[in-house]
Amino acid sequence: MNKKAVRRGIGVQLNQLENRQERERRIAERLFLLPEWMNATSIAVTLSFRNECSTDRIIQQAWADGKRVVIPKVINQEMRFFEHSSSSRLIENSMGIREPELSAFEIPLPSIDLCIVPGRAYMRNGYRLGWGGGFYDRALIDFSGPTLSIAFAVQVVERFEVESFDRPVDTIVTEDEVIQCH
Ligand SMILES: Nc1nc2c(c(=O)[nH]1)N(C=O)[C@@H](CNc1ccc(C(=O)N[C@@H](CCC(=O)O)C(=O)O)cc1)CN2
Ligand SMILES: Nc1ncnc2c1ncn2[C@@H]1O[C@H](COP(=O)(O)OP(=O)(O)OP(=O)(O)O)[C@@H](O)[C@H]1O
């Protein structure tokens, strides 16, 4: 299936999801048991928007555990990461995603212990589809640490086209299972 059709289909399913909060709680609880999470003193994560799986609980737990949290900001078509604390001020960008202020402290992604990668659809081998910006495909080229995605089970699909620049994640955590991709 082509990428656009898969993104559209997943969008419909995410809007119809039942017991969303219960599913998000189960995803977070599975994540917190993983060594990649427990061993990380710093994590990169997005602030969820629209019908994405919420990352709020994950960020709260990271802070409670004393982990450093960094979040992305897209600047001139490039994604850069900035420290995110409970007192950080955020700005909504043109797409409605909350982003750090330019005055926030920048931290290069390669220095972070764990990258939590957003996505719309996944295959069990770790290949993913995002919103189509290619931002994570580019950012992950320089990142050698563990990569992990949180997703609802409906986002794990049988097949979509993979292109040469697509970068798979190592692990996918859903409400039903932890998928080790290779
Ligand atoms: N919460 C969150 N933050 C994130 C990402 C993400 O996937 N989720 N990103 C991950 O890279 C980056 C932002 N990337 C984005 C790229 C495009 C669109 C978007 O809204 N695109 C349009 C058109 C898409 C198309 O037609 O192909 C849309 O969906 O309406 C949103 C985010 C950085 N921050
Ligand atoms: N390493 C790269 N260098 C230059 N352009 C790239 C690279 N990787 C991806 N792109 C560009 O990004 C565009 C979007 O790619 P794709 O549809 O795979 O995005 P996505 O994986 O859905 O988005 P994201 O990674 O932001 O979640 C492609 O048209 C591609 O040309």
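Residues numbered from 1 in each chain as written. Chains lettered and ligands numbered in written order. Predicted model: local features only at pLDDT ≥ 70, side-chain atom pairs only at ≥ 80, totals over all residues. Heavy atoms only, no water.

If you look the protein up in an unreviewed UniProt entry, it shows as 5-formyltetrahydrofolate cyclo-ligase from Exiguobacterium oxidotolerans. Within the UniProt record for the protein, the comment given under Sequence similarities (unreviewed entry) is "Belongs to the 5-formyltetrahydrofolate cyclo-ligase family." (UniProt positions renumbered as here; feature names shortened; annotations may be inferred.)

## Quick word on the site of ligand 1
As a matter of local geometry, ligand 1 sits amid 14 residues, with L47, E52, M95, P118 and W131 nearest to it. A distance of 2.7 Å is found between a nitrogen atom of ligand 1 and a side-chain nitrogen or oxygen belonging to E52. Within the side chain of W131, an N or O atom sits 3.5 Å from an oxygen atom of ligand 1. Coverage of ligand 1 by the protein amounts to 74% of the 690 Å² it exposes when considered alone. (Near = heavy atom within 4 Å. Polar contact = N/O pair within 3.5 Å; in protein donor to acceptor, adjacent residues only side chain to side chain. Areas by Shrake-Rupley, 256 points an atom, 1.4 Å probe, with all protein chains shown as cover.)

## Considering the environment of V162
Assignment of secondary structure puts V162 in the loop between β9 (147–150) and β10 (171–173). We classify V162 as partly exposed; its relative accessible area is 38%. Between the C-alpha atoms of V162 and Y127, which are 35 residues apart in sequence, the distance is 7.4 Å. Aside from chain neighbours lying at most four places away, what touches V162 is M123 and Y127. (Helix = DSSP H or I, 4+ residues; strand = E, 2+ residues; numbered from the N terminus. Buried < 20%, exposed > 50% of the residue type's maximum accessible area, 1.4 Å probe, protein only. Contact = heavy atoms within 4.5 Å.)

## A few points about the site of ligand 2
Taken together, 16 residues form the shell around ligand 2, and within it R7, R128, G130, F135 and D166 come nearest. With the chains in place, 70% of the 640 Å² that ligand 2 exposes on its own is no longer accessible. Listed by contribution, the elements that provide at least two residues to the shell around ligand 2 are α1 (3–15), β8 (128–129) and α5 (135–139). Of the residues forming the shell around ligand 2, the biggest block, four residues, is contributed by α5. Classifying every residue of the shell around ligand 2 gives six nonpolar, four polar and six charged. (Nonpolar A, V, L, I, M, F, W, Y, C, P; charged D, E, K, R; others polar.)

## Focus: the pattern of salt bridges
The full count for this structure, using the stated rule, is 13 salt bridges. In this structure, R25 and E22 form a salt bridge, with 3.1 Å as the shortest nitrogen-oxygen distance. Taken together, the residues span about one helical turn, with R25 and E22 both in helix α2 (residues 20–32) at a distance of three residues. Judged by relative accessible area, which is 31%, R25 ranks as partly exposed. Residue E22 is classed as partly exposed on the basis of its relative accessible area of 34%. Between D176 and R26 there is a salt bridge, with the nearest N and O atoms lying 3.1 Å from each other. Of this pair, D176 sits in the loop between β10 and β11 (178–180) while R26 sits in helix α2, and the two are 150 residues apart along the sequence. (Salt bridge = Lys/Arg side-chain N within 4 Å of Asp/Glu carboxyl O.)

## Topic: the nonpolar core
Formed by 30 residues in total, the largest nonpolar core has its most connected members in L31, W37, I43, I58, I116, L148 and I150. Those elements giving two or more residues to this core turn out to be α1, α2, α4 (56–64), β2 (68–75), β6 (114–116) and β9. The dominant element in this core, judged by the number of residues it contributes, is α2, at four residues. Those residues in contact with L148 that sit more than four places away from it in its chain are L31, L34, L114, C115, I116, V117, V169, T171 and V173. Judged by nonpolar contacts, the second largest core, of 20 residues, contains A44, F81, L140 and I179. (Core = buried A, V, L, I, M, F, W, Y, C linked by side-chain atoms within 4.5 Å.)

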